[in-house]
Amino acid sequence: MEQTETIAPPAEVDLLPEELNEEILRLKKELNAVILAHYYQESEIQDLADFIGDSLELSRKAAQTDADVIVFAGVHFMAETAKILSPDKTVLLPDLEAGCSLADSAPADLFRQYRLDHPDHLSLTYINCTAEVKALSDIIVTSSSAERILRELPEDIPVLFAPDRNLGRYLQRVTGRDMLLWQGTCLVHEQFSERKIFALRSEHPEAKLIAHPECEEVILDQADFIGSTSALLKFTQTDPSPAFIVATEPGIIHQMEKASPGKLFIPAPPDSTCACNECPYMKLNTREKLYLCMRDRKPEITMDESLRLRALAPLQRMLDLTSNSSTDTRSLLKEIRLPFTG
Ligand code: 13P
Ligand code: SF4
């Protein structure tokens, strides 16, 4: 991936919080921009966004927007996905260092070798990966689309799943489908403490434990509900429980509290006393950096066109397989060339 701008913006902006908000909204109009934010962003950023969603919903929005500029308040692989889907738009990311431990766990050269070692396996790849890894994959999935897509795949096709082993294991459990699993993990979701959650449950017997499938198996085993960030939010709105222990990044609690003001949301605690249940990459984005990236129109996501086109094909398959119009899975699978030759 090419980046034209790698210089981090200065941290200080001489504007009061209200002025900062006004400036961001003014710049949004001036640039004809749309602000897309993931649920793990700080609440002040979520409140400025045009759309807040999970990875699948944000990809859809990025593909459909008629804005000239997409300001992506999320992490690098999400902004990169927006660029793959909307190459004619300017895609801005407030902090280029906003990465993802799962994406880091799958370097493209190792992933290519893994595929060469298992050439007959179709690669179902979690969207939390680089454009280079997407380009080496057959079908991209998100946490909200993975189960549905896996169930569509004929039983006789061997599948490898990368990079999140916890989501992979969860998918194996719910579908009964065996897969080869890449051993990546999310540094946030592997932190939750089974012991502390157990203690919280006895303190709040009325609370349901809800968990993202990136959590470790010991946490998922205890969960009353497992789902993507959007699915967790929806569950808290429809389930009658008065309280929830939330085993995912606590940024999402902002929307949960907004949607269900009378309910109690308790962030699941990490093993140590650190704040490591917060995603350090998501939290690199601040309102100041959001403002600066819009003012200066950088950092911008740029990408080599041949890489973009190779990464687009597996992403488009995900969008087609999860669209409401009926997609012929068999003919879509015919496009995938196996054995993998690199
Ligand atoms: P969602 O697709 O559920 O929003 O998850 C993205 C993510 O990075 C979770 O850690
Ligand atoms: Fe990546 Fe984990 Fe942060 Fe999600 S929470 S962006 S998987 S590091």
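Starting from 1, residues in each chain are numbered consecutively following that chain's sequence as written. Key to labels: chains lettered from A, ligands numbered from 1, both in the order written. Only residues with pLDDT of at least 70 get local features here, since the model is predicted, and only at 80 or more are side-chain atom pairs given and counted; chain-wide, interface and lining totals rely on the full set of residues.

(A) Local environment of the site of ligand 2. Only the C-beta atom, placed from the backbone, is used; a residue is near a molecule or strand if that atom lies within 6 Å of it. The local shell around ligand 2 holds 14 residues, among which Cys100, Ser101, Cys186, Val188 and Cys279 are the closest. All residues other than Ala, Val, Leu, Ile, Met, Phe, Trp, Tyr, Cys, Pro, Asp, Glu, Lys and Arg, Gly among them, are scored as polar; the first ten of these are nonpolar and the last four charged. Here the residues of the shell around ligand 2 are counted per class, giving nine nonpolar, three polar and two charged.

(B) Layout of the domain arrangement of the protein chain. These domain limits were set by an automatic method or by a database of domain assignments. Considered domain by domain, the protein chain is made up of domain 1 (17-99 + 282-296), domain 2 (102-187 + 305-334) and domain 3 (194-267). Here domain 1 and domain 3 have C-alpha centroids that lie 26 Å from each other. Working definition of a contact: two residues with C-beta atoms, positioned from the backbone, lying within 7 Å. Opposite the eleven residues of domain 1 that make contact, domain 3 presents eight residues. Taken together, the elements giving at least two residues each to the side of domain 1 that touches domain 3 come down to helix H2 (43-48) and strand S2 (51-53). Split into classes, the residues belonging to the side of domain 1 that touches domain 3 amount to four nonpolar, four polar and three charged. Helix and strand definitions here come from DSSP, where helices need a minimum of 4 consecutive H or I residues and strands a minimum of 2 consecutive E residues; each element is numbered from the N-terminal end.

(C) Just the nonpolar core, in detail. Here a nonpolar core is just a set of buried residues of the types Ala, Val, Leu, Ile, Met, Phe, Trp, Tyr and Cys, joined wherever their C-beta atoms sit within 7 Å. Once C-beta atoms are placed from the backbone, each residue is buried if 20 or more other C-beta atoms lie within 10 Å of its own, exposed if 12 or fewer, and partly exposed for counts between those two. Membership of the largest hydrophobic core comes to 90 residues, with the highest contact counts inside it found for Leu36, Ile70, Val71, Phe72 and Ala247. Counting residues per element, this core draws most heavily on helix H4 (residues 76-85), at six residues. Ignoring sequence-local partners within four residues, the contact set of Ala247 consists of Phe192, Leu209, Ile210, Ala211, His212, Cys215, Ile219, Ala223 and Ala268.

(D) Structural context of the packing of helix H3 (residues 55-64) against H4. Orientation is described by lines fitted to C-alpha atoms, with helices fitted over the stretch in contact, and by angles between N-to-C directions that extend from 0 to 180 degrees. Where H3 contacts H4, the axes come no closer than 8 Å and their chain directions differ by 35 degrees. Here the hand of the crossing between H3 and H4 comes out right-handed. Taken together, the residues of H4 that come into contact with H3 (itself represented by Ser55, Leu58, Ser59, Ala62 and Ala63) are Met78, Thr81, Ala82 and Leu85. Its residues assigned to classes, the contact of H3 with H4 shows six nonpolar, three polar and no charged. Each crossing gets its hand from how the near helix is turned against the far one by less than a right angle, where anticlockwise is left-handed and clockwise is right-handed.

(E) Layout of the pairing of strand S7 (residues 159-162). Of the two faces of S7, both are covered, the one formed by Val159 and Phe161 as well as the one formed by Leu160 and Ala162. At least two DSSP bridges between two strands are needed for those strands to be called paired. Judged from the four bridges that link them, strand S5 (residues 122-126) and S7 form a sheet pairing that is parallel. Bridge pairing in S7 places Thr125 opposite Ala162. In this structure, S7 lies alongside strand S8 (residues 180-181), joined through two bridges in parallel fashion. Across the sheet, residue Phe161 finds its bridge partner in S8, namely Leu181. Taken together, S7, helix H9 (residues 165-175) and S8 constitute a β-α-β crossover, and its handedness is right-handed. Here is how to tell: hold the view so the strands point away, follow the path from the first strand over the helix to the second, and if it runs clockwise the crossover is right-handed.

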